[in-house]
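Here is how the chains run, residue by residue.
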Amino acid sequence: MRVLVTAGPTREALDPVRYLTNRSSGKMGYAMADAFARAGHQVLLVSGPTVLVVPEGVDFLPVESAAEMFEAVKRHIGRMDAAVFAAAVADYRPAAVSEQKIKKTGETLTLELVRTPDILGSVRGEFGFTGTLVGFAAETENLLANARIKLERKGCDLVIANDVSKPGIGFDSDRNEVLLVFPEHVEALPEDEKHHLAPHIVREIERLAAERGR
Ligand code: CTP
Ligand code: CA
C-alpha cells in the first residue's frame, strides 16, 4: 500500500521568535511510519517539528504549521491507499503574526486565536479520499464516547483513542495504552511500548484495507 502518516505537533507563529504548540513528541506517528515500512508498504511521513530520526525507507515531508500540513496532505492524499493521522495539530493559531518581536508593555497580554483547518476532517469530503482512513483521538475524559463521535464525524474506518491525562503514557512518552475504535466493535490494547503497539495496529489497518478492496 501507499500510506500517508501525519505526525508530531504543529507550530503556530506569534512573532519571529515565538509560537504556540503542544506536548506531542511525534513518537506514535513515527512508530506507525516505521511499522508500515517494515511491513513492506510505501510511506510518506508528513511531520511537524520533532527531535526524532526519520525511520529507514520512509519518504519525509517536514512542515511547521497546521496550514502547511493541510496543504501537504491535500497535495499527496490522492495517490494514497491508506492514511493515518497521528499528528497533534494545533486547533487554533494566532489571528495575526507580528512582523516584529512583540515587546512586553502592559501587565497582561491577550492573544486572539482563530481556528486552523481540520485536516483529517477534510479528507473524505473536500479531498474526496476513498481509501482506508485512520484517525487518533486524544482525550482527557469520556474516551470511548468522544472517539466514537470523531470516528463518525470524520468518516474514519478506525480511531485510535488514547487518554492523554494518564501519567507515563500518551503525549511525550515511549509508551501508550489505546482503544481501537471501529464502527462495529472496540479492541483495548494493554499498555506497551509504542514500537510494539504500532505493528499490531498496522496489521489491523491492512485487514481494513483488504476489506475495502484496495
Ligand atoms: N486533526 C487534524 N487536523 C486538525 C485537528 C485534528 O487532522 N486541525 C486530526 C488529528 O490528527 C487526529 C484527529 O483529527 O487524528 C483528532 O484530533 P483531536 O485533537 O483528538 O480532535 P479534534 O477533532 O481536534 O477535537 P478536540 O481537540 O476538540 O477534541
Ligand atoms: Ca484537537
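Think of each chain on its own: its residues are numbered from 1, step by step along the sequence as written. To label them, take the chains in the order written and letter them from A, then take the ligands in the order written and number them from 1. Confidence filtering applies because this is a predicted model: local features only for residues at pLDDT of at least 70, side-chain atom pairs given and counted only at 80 or more, and all residues used for totals across whole chains, interfaces and linings. For the side-chain quantities, the full set of heavy atoms in the structure was used; hydrogens and water were omitted.

Engineer: Got a minute to help me understand the coordination of the calcium ion (ligand 2) in this structure?
Structural biologist: Six octahedrally arranged donors around a metal ideally form angles of 90 or 180 degrees; four tetrahedrally arranged donors ideally form angles of 109.5 degrees. Each metal site is built from N, O and S donor atoms within 2.8 Å (3.2 Å for Na, K and Ca), and since water is not included, such sites may look incomplete. Only Asp91 (OD) and Asp91 (OD) from the protein coordinate the calcium ion (ligand 2), and they sit 2.4 to 2.6 Å from it. Going along the chain from the N terminus, every DSSP run of H or I of four or more residues is numbered as a helix, and every run of E of two or more is numbered as a strand. For Asp91, the location among the structural elements is in the loop between β6 (82–85) and β7 (92–94).

Engineer: In this structure, what is going on with the UniProt feature "domain: DNA/pantothenate metabolism flavoprotein C-terminal" (unreviewed entry) in the chain? I would like to understand it.
Structural biologist: Mapped onto the present numbering, the UniProt feature "domain: DNA/pantothenate metabolism flavoprotein C-terminal" (unreviewed entry) falls at residues 2–207. Secondary structure content for residues 2–207 is 26% helix and 30% strand, and the end C-alpha separation is 15 Å. UniProt positions are given in the numbering used here, feature names are shortened, and annotations may be inferred rather than shown by experiment.

Engineer: For this particular structure, what's the right way to read the site of ligand 1?
Structural biologist: Near ligand 1 lie 15 residues; those nearest to it are Phe85, Ala87, Pro117, Lys150 and Lys154. For this analysis, a polar contact is any N or O atom pair within 3.5 Å, provided that within protein one partner can donate a hydrogen and the other can accept it, and provided that sequence-adjacent residues contribute only side-chain to side-chain pairs. Here an oxygen atom of ligand 1 sits 2.8 Å away from a polar atom, N or O, in the main chain of Leu120. For accessible areas, the Shrake-Rupley method is used with a probe of radius 1.4 Å. Any residue's cover is judged against the shown protein chains and nothing else. Bound to the protein, ligand 1 loses 77% of the 560 Å² it would expose on its own. The pocket occupied by ligand 1, as judged from atoms lying within 2 Å of grid points, is the largest pocket. Where the shell around ligand 1 is concerned, the elements lending two or more residues are α3 (119–123) and β9 (132–139). With four residues, the top contributor of residues to the shell around ligand 1 is β9. Charged means Asp, Glu, Lys or Arg here, nonpolar means Ala, Val, Leu, Ile, Met, Phe, Trp, Tyr, Cys or Pro, and polar covers whatever is left, Gly included. When the residues that make up the shell around ligand 1 are grouped by side-chain class, the tally is nine nonpolar, two polar and four charged. Working definition: residue near molecule or strand if any one of its non-hydrogen atoms lies within 4 Å of it. Both site types are read off a 1 Å grid over the protein atoms alone. A 1.4 Å probe that fits but cannot get out defines a cavity, while an open set with protein on both sides within 12 Å along at least five of seven lines defines a pocket; lining residues have an atom within 4 Å of a point. A molecule is counted as occupying a cavity or pocket when more than half of its atoms fall within 2 Å of that pocket's grid points.

Engineer: Would you take a moment to explain the sheet that holds strand β5 (residues 59–62) for this structure?
Structural biologist: Strand pairing within a sheet occurs via backbone hydrogen bonds; the two strands may be parallel or antiparallel. Any two strands between which DSSP finds at least two bridges are classified as paired. What the eight strands build is an open sheet, ordered β5-β4-β1-β6-β9-β10-β11-β12; its pairing is mixed. Looking at the sheet topology across the chains shown, the edges are occupied by β5 and β12 (186–193). Strand-to-strand twist across the sheet, computed as the mean angle between neighbouring axes with direction ignored, equals 15 degrees. Inspection of the sheet shows β9 paired to strand β10 (residues 158–163) by six bridges, in the parallel sense. When the bridges of β10 are listed, Val134 appears paired with Leu158. Its contacts with the sheet place helix α2 (residues 66–76) against β1 (2–7), β4 (42–47), β5 and β6, and it is angled at close to 175 degrees to β1. Contacts are assigned to residue pairs with any non-hydrogen atoms lying within 4.5 Å of each other. Lines fitted to C-alpha atoms define the axes, with helix axes restricted to the stretch in contact, and inter-axis angles between N-to-C directions lie between 0 and 180 degrees. Sitting on the sheet, helix α4 (residues 143–153) is in contact with β9, β10, β11 (175–181) and β12, with an inclination near 150 degrees to β10.

Engineer: Mind showing me how you'd approach the nonpolar core here?
Structural biologist: It is characteristic of soluble globular proteins that their nonpolar side chains tend to be buried jointly. Within this scheme, the nonpolar core is defined by two criteria: the residues are buried Ala, Val, Leu, Ile, Met, Phe, Trp, Tyr or Cys, and they are joined through side-chain atoms within 4.5 Å. Three labels apply to residues, based on accessible area from a 1.4 Å probe with only protein chains included: buried if under 20% of the type maximum, exposed if over 50%, partly exposed otherwise in between. Core analysis: the biggest nonpolar cluster contains 31 residues, and Met32, Phe36, Leu158, Ile201 and Ile205 have the highest contact counts within it. Taken together, the elements giving at least two residues each to this core come down to β1, α1 (27–38), β4, β6, β9, β10, β11 and α5 (194–212). Element by element, the count of residues in this core is highest for α1, at eight residues. Contact partners of Met32, with chain neighbours within four places excluded, come to Val84, Ala198, Ile201, Val202 and Ile205.

Engineer: When you look at the environment of Lys150 in this model, what are you seeing that I'm missing?
Structural biologist: For Lys150, the position within the fold is in helix α4. Expressed as a C-alpha distance, the spacing of Lys150 and Gly135, which sit 15 residues apart in the sequence, is 8.2 Å. Filtering out sequence-adjacent residues up to four positions away, Lys150 remains in contact with Ala137, Ala138, Glu139, Gly155 and Val159.

Engineer: It is not clear to me how α2 should be interpreted in this structure. Could you clarify?
Structural biologist: Residues spaced three or four apart along an α-helix face the same direction, because each turn holds 3.6 residues. If you check which residues of α2 are buried, you get Ala66, Met69, Phe70, Ala72, Val73 and His76. Along α2, the residues classed as buried sweep out an arc of 165 degrees about the axis, all on the same side. For α2, the elements touching its buried residues are β1, β2 (12–15), β4, β5, β6 and α3. In this description, the arc belongs to the directions extending from the helix axis to the C-beta atoms.

Engineer: How should I be thinking about unusual backbone geometry in this particular structure?
Structural biologist: Most peptide bonds take the trans configuration, and most residues that are not glycine carry a negative phi. Of note, Asn142 is a non-glycine position whose phi angle comes to about 45 degrees, a positive value. When you line up the elements, Asn142 lands in the loop between β9 and α4.

Engineer: Before we go on, may I ask you to explain the pairing of β10 in this structure?
Structural biologist: Across the six residues that make up β10, a large majority, six, are buried. Of the two faces of β10, both are covered, the one formed by Leu158, Ile160 and Asn162 as well as the one formed by Val159, Ala161 and Asp163. Place the viewer so that the strands point away; then a crossover is right-handed whenever the path from the first strand over the helix to the second strand goes clockwise. The parallel pair β9 and β10 is bridged by α4, and the resulting crossover is right-handed. Bridge analysis of β10 against β11 gives four bridges, and the strand direction is antiparallel. Across the sheet, the residue bridging to Val159 is Val181, located in β11.

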